[in-house]
Amino acid sequence: MIERISQFWQSLTWGSIMLGVGIFVGSIVVSILIVGVMIVKIPANYFSSHYQQDFLPNSSWVTRWGATIAKNLVGAVLVAAGIVMLIGPGQGILTILVGLILMDIPGKRPLEARIIKRPTVLAAVNKLRAKYGKPELVID
């Protein structure tokens, strides 16, 4: 075991270290961009109990199923990235929130509401929405 660890450290090069750092930083940047776009694009009443979601209403069932699967996969990746960002740098809680918004899982609405009702999260979301001329979120 110790020999394997020693071989690992000896095989590291500056190029492989920089590649790992580049992938890490790139994934954080992409995640932050996705979070920003999603926060600005969601309807102001999304967290209201009166919100009715209708995903791609005029599309064929093949398109809806394909888009739903893709949406859930992206949501799962964002939730995983958000958990990593809770430890490292980045917008971990917002990334988890956006991932949950994208996913179709039972019981997600109460979890989303608990996250968005945190004063710092709500303030950050509303500040970003105001920057792009969008109304503040309506919370029940």
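Below, the structure is looked at part by part. Just so we're clear, the structure is a prediction, and the values are computed from it rather than from any experiment. (Residues numbered from 1 in each chain as written. Predicted model: local features only at pLDDT ≥ 70, side-chain atom pairs only at ≥ 80, totals over all residues. Heavy atoms only, no water.)

Some details on the overall build of the protein
Of regular secondary structure, the protein possesses six helices and zero strands. Listing the helices and strands of the protein from first to last along the sequence gives α-α-α-α-α-α. Computed over the C-alpha atoms, the radius of gyration of the protein is 19 Å, more than 25% above the 14 Å expected from 2.2 N^0.38 for a compact globule of 140 residues. Dimensions of the protein along its principal axes, counting C-alpha atoms only, are 60 × 40 × 25 Å. Counting only residues that meet the buried cut, the protein has 27% of its 140 residues in that class. Nonlocal contacts in the protein, meaning residues at least 24 apart in sequence, comprise 56% of its contacts between residues at least 6 apart. (Helix = DSSP H or I, 4+ residues; strand = E, 2+ residues; numbered from the N terminus. Rg over C-alpha atoms; globule rule 2.2 N^0.38 Å. Buried < 20%, exposed > 50% of the residue type's maximum accessible area, 1.4 Å probe, protein only. Contact = heavy atoms within 4.5 Å.)

Brief notes about the environment of K131
Inspection of the secondary structure puts K131 in helix α6 (residues 119-131). Separated by 95 residues in the primary sequence, K131 and G36 place their C-alpha atoms 11 Å from one another.

Some words on the environment of K41
Relative to the assigned elements, K41 resides in helix α2 (residues 14-41). As a C-alpha pair, K41 and W14 span 27 residues in sequence and 40 Å in three-dimensional space.

Re the environment of F47
Within the element layout of this structure, F47 appears in the loop between α2 and α3 (61-87). By relative accessible area, which is 10% here, F47 ends up buried. Linking F47 and P119, residues 72 residues apart in sequence, is a C-alpha distance of 15 Å. The residues touching F47, leaving out its near neighbours within four places in the chain, are I42, L97, I101, R109, E112, I116, L137, V138, I139 and D140.

Quick look at the pattern of salt bridges
Applying the stated rule across the entire model yields two salt bridges. One salt bridge connects E112 with K108, and the closest N-O pair in it is separated by 3.8 Å. Here the residue E112 and the residue K108 both occupy positions in helix α5 (residues 108-116), the gap between them amounting to four residues, near one helical turn. A relative accessible area of 0% means that E112 is categorised as buried. Residue classification places K108 among the buried residues on the basis of a relative accessible area of 7%. (Salt bridge = Lys/Arg side-chain N within 4 Å of Asp/Glu carboxyl O.)

Some words on the layout of surface pockets
Within this model, the largest pocket holds a volume of roughly 210 Å³. Breaking the lining of the largest pocket down by element, the ones donating at least two residues are α2 and α4 (92-102). In terms of residue class, the lining of the largest pocket is built from eight nonpolar, one polar and three charged. Around the second largest pocket, the lining residues are I32, V35, G36, I39, Q91, L94, A124, V125, K127, L128 and K131. Per-element accounting of the lining of the second largest pocket gives the leading share, five residues, to α6. Classifying every residue of the lining of the second largest pocket by side-chain character gives seven nonpolar, two polar and two charged. (1 Å grid on protein atoms, 1.4 Å probe; cavity = no way out; pocket = protein on both sides within 12 Å on 5 of 7 lines; lining within 4 Å. Points joined across faces, edges and corners; volume = space filled by probe spheres on them. Nonpolar A, V, L, I, M, F, W, Y, C, P; charged D, E, K, R; others polar.)

Observations regarding the side chain of K108
A polar contact is formed between the side chain of K108 and the backbone oxygen of L100, at a distance of 3.3 Å. Each residue touching K108, except ones within four places of it in the same chain, is listed here: Y46, L100, I101 and M103. (Polar contact = N/O pair within 3.5 Å; in protein donor to acceptor, adjacent residues only side chain to side chain.)

Re the packing of α2 against α6
For the pair α2 and α6, interaxial distance at closest approach is 9 Å and the crossing angle is 80°. Taken as axis vectors, α2 and α6 run roughly perpendicular relative to one another. Residues G36, I39 and V40 of α2 pack against V125, L128 and R129 of α6. Classifying every residue of the contact of α2 with α6 gives four nonpolar, one polar and one charged. (Axes fitted to C-alpha atoms, helices over the stretch in contact; angles between N-to-C directions. Parallel < 35°, antiparallel > 145°, perpendicular 65-115°, else oblique.)

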